[in-house]
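Secondary and tertiary structure notes
Here's the letter readout for the chains.
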Amino acid sequence: MNFFIKGLAILIMPLFLITTAMADKLKVGFIYVGPTGDHGWTYAHERARVILEEKFGDQIETTYVENVPEGPDATRVIRELANQGNQLIFTTSFGYMDPTIKVAKEFPNKQFVHVTGYKRSDNVATSNIRFHEGRYIQGVAAGLMTKSNKIGYIASFPIPEVIMGINAFTQGLKSVNKDATVSVIWAMTWYDPGKEADAAKVHIAEGADVLAQHTDTPAMLQTAQEKGAYGFGQGSDMDTFAPKAQLFASVNHWDISYIEHIQASLDGTWSANDTWCGMSDGCLSLSDFKNMPADVTAKVKAVSDSISSGAFNVFQGPIITNEGKVAAGGATLNDGDLWGMNYYVQGVIGKIPN
């Protein structure tokens, strides 16, 4: 009998150790607005998740749900992630803001990080990247490369983050080319390769020879390559899809702020803070410069270096709206000003849709 009990204990002990080890892991959940294979926004988040697993190893266990629309379905999925035992949940799109706040109230002992939003609570932090820094540099390159002085911009939704990107791009454009203008087509989607390609075709048909985007796929760049235009990758390096069209890409590195949140959660020091990092922090980088003459590359690199070093702020005044109003005189816009941005700067054609 004693032999049987000892043998049973030997069999049960490894299972107990495995169960205990799993219980000690920090479970981390992610919700994505697009597919992990979009090669842009969601791809960058998924790349960060893989980096986290490599860094923390057995300390964490991650899971993700992709292709979740912004709205009621997001609330359901975030709630499911919480019910599945995830202690730390990253919600990675602007439209997940209210669903995140709602579910966080239901799970006050869970930790949530909403990406690109501005609403926080005791257990909801926010995280973002200063994408507008990269877009300013794109604008400089566009201003130096365009021959038609017509730039096409494909935008997703008229939210502050997207508007500040358009304005930063245009500020960069006008800093080197006073005659160039930006025309915006609102796709009203983050991920729709067909819509993105169609918008690119319209821009090119109207004379644009350089394109920019705040959407999530390489479709715009692929169209630009087919039509002999240039453009920029967004979120991730898209050179593989359009090596003759991409001048460079703005690349997001979400792992930097994610690592901080996970380490703090493991240490018991997590707080509902706000992280908004940029090029000087390594959260945003540019891919290799291509398809540009040497003199253009040198000028673009000089601007990139000044932003990376912190020497130059892309929203340094004066900032004039496209209606001729002074948004900022000699002053530099602060972060609050950026989140309240509801106007186009000089150089952008048209009005922001309601």
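Placed above this text is the structure.
Now for the side chain of S287. With respect to the helices and strands, the residue S287 is situated in the loop between β12 (284–286) and α10 (294–308). Separated by 2.7 Å, the side chain of S287 and the backbone nitrogen of A249 make a polar contact. Apart from the residues lying within four places of it in its own chain, the contact partners of S287 are D237, Q246, F248, A249 and V251.

Moving on: the environment of G310. Inspection of the secondary structure assignment puts G310 in the loop between α10 and β13 (319–320). Separated by 63 residues in sequence, G310 and L247 place their C-alpha atoms 23 Å apart.

As a further point, take the pattern of salt bridges. Side chains that differ in charge, positive against negative, can pair when their charged atoms come close. On inspection of all chains with the given rule, the structure shows eleven salt bridges. K290 is the partner of D239 in a salt bridge, and the nearest nitrogen-oxygen pair spans 3.0 Å. Of this pair, D239 sits in the loop between β9 (230–235) and β10 (246–252) while K290 is found in the loop between β12 and α10, placing the two residues 51 residues apart along the sequence. What makes D239 buried here is its relative accessible area of 18%. One salt bridge in this structure joins K301 and D305, with 2.9 Å as the shortest N-O distance. Taken together, the residues K301 and D305, both in helix α10 and four residues apart, mark about one turn of the helix. Overall, K301 belongs to the partly exposed group, its relative accessible area being 42%. Of the residues examined, D305 reaches a relative accessible area of 39% and is grouped as partly exposed.

For the pair helix α3 (residues 72–83) and helix α4 (residues 97–106), interaxial distance at closest approach is 9 Å and the crossing angle is 35°. Viewed along their axes, α3 and α4 form a crossing whose handedness is right-handed. Across from A74, T75, I78 and R79 in α3, the residues of α4 making contact are P99, T100, K102, V103 and E106. Looking at the contact of α3 with α4, its residues break down into four nonpolar, two polar and three charged.

As a packed pair, helix α7 (residues 193–205) and helix α8 (residues 219–227) sit with axes 8 Å apart at the nearest point and diverge in direction by 40°. Judged on the interaxial angle alone, α8 and α7 are oblique. Judged by the sense of rotation from one axis to the other, the crossing of α7 with α8 is right-handed. Mapping the contact onto sequence places P193, E196, A197, A200, K201 and I204 in α7 and A219, M220, T223, A224 and K227 in α8.

Right, let's get into the nonpolar core. With 89 residues, the main nonpolar core has I166, V184, F232, F248, W254, I262 and F315 as its most contacted residues. Those residues in contact with F248, other than ones at most four positions away along the chain, are I137, Q138, A141, G231, F232, G233, L286, S287, D288, F289, M292 and V300. Membership of the second largest hydrophobic core comes to 14 residues, among which are A187, A208, M220 and A224.

Turning next to the state of the cysteines. One pass over the structure, following the stated rule, counts one disulfide. Disulfide partner of C277: C283, at an S-S distance of 2.0 Å. Between C277 and C283, the disulfide has an S-S torsion of -100° and is therefore left-handed. You'll find C277 and C283 in the same group, each marked buried.

Another aspect to go through is helix α9 (residues 255–267). Look at α9: 18 Å from first C-alpha to last across 13 residues, which is about the 18 Å you get at 1.5 Å a residue. Listing the buried residues of α9 in full gives D255, S257, Y258, H261, I262, A264 and S265.

Right, let's talk about the sheet that holds strand β3 (residues 88–91) for a bit. Reading across the sheet, the six strands line up as β2-β1-β3-β4-β5-β11 and stay open at both edges, with parallel pairing between neighbours. Lying at the two open borders of the sheet, with one neighbouring strand each, are β2 (60–65) and β11 (274–277). Going from strand to strand, the sheet's axes swing by 15° on average, the running direction of each strand aside.

With that settled, consider the sheet that holds strand β7 (residues 181–186). In space, the six strands of this open sheet follow the order β7-β6-β8-β9-β10-β12, with mixed pairing throughout. Two strands in the sheet have a free side with no partner beyond their single neighbour: β7 and β12. Neighbour-to-neighbour, the strand axes of this sheet turn through a mean angle of 20°, independent of strand direction. Of the strands in this sheet, β6 (150–155), β7, β8 (210–213) and β9 touch helix α6 (residues 160–176), which is tilted by about 160° from β7. The strands touched by α8 within the sheet are β6, β8, β9 and β10, with β9 carrying the most contacts at an inclination of about 165°.

This part is about α8. All buried positions along α8 are accounted for by A219, M220, L221, T223 and A224. Contacts made by the buried residues of α8 are with β6, α7, β8, β9 and β10. One or two positions beyond α8, positive phi appears at G228, with a value near 80°.

Cut-offs and rules
Residues numbered from 1 in each chain as written. Predicted model: local features only at pLDDT ≥ 70, side-chain atom pairs only at ≥ 80, totals over all residues. Heavy atoms only, no water. Helix = DSSP H or I, 4+ residues; strand = E, 2+ residues; numbered from the N terminus. Polar contact = N/O pair within 3.5 Å; in protein donor to acceptor, adjacent residues only side chain to side chain. Contact = heavy atoms within 4.5 Å. Salt bridge = Lys/Arg side-chain N within 4 Å of Asp/Glu carboxyl O. Buried < 20%, exposed > 50% of the residue type's maximum accessible area, 1.4 Å probe, protein only. Axes fitted to C-alpha atoms, helices over the stretch in contact; angles between N-to-C directions. Left-handed = near helix turned anticlockwise from the far one by under 90°. Nonpolar A, V, L, I, M, F, W, Y, C, P; charged D, E, K, R; others polar. Parallel < 35°, antiparallel > 145°, perpendicular 65-115°, else oblique. Core = buried A, V, L, I, M, F, W, Y, C linked by side-chain atoms within 4.5 Å. Disulfide = S-S within 2.5 Å. Expected span 1.5 Å × (residues − 1). Pairing = 2+ DSSP bridges.

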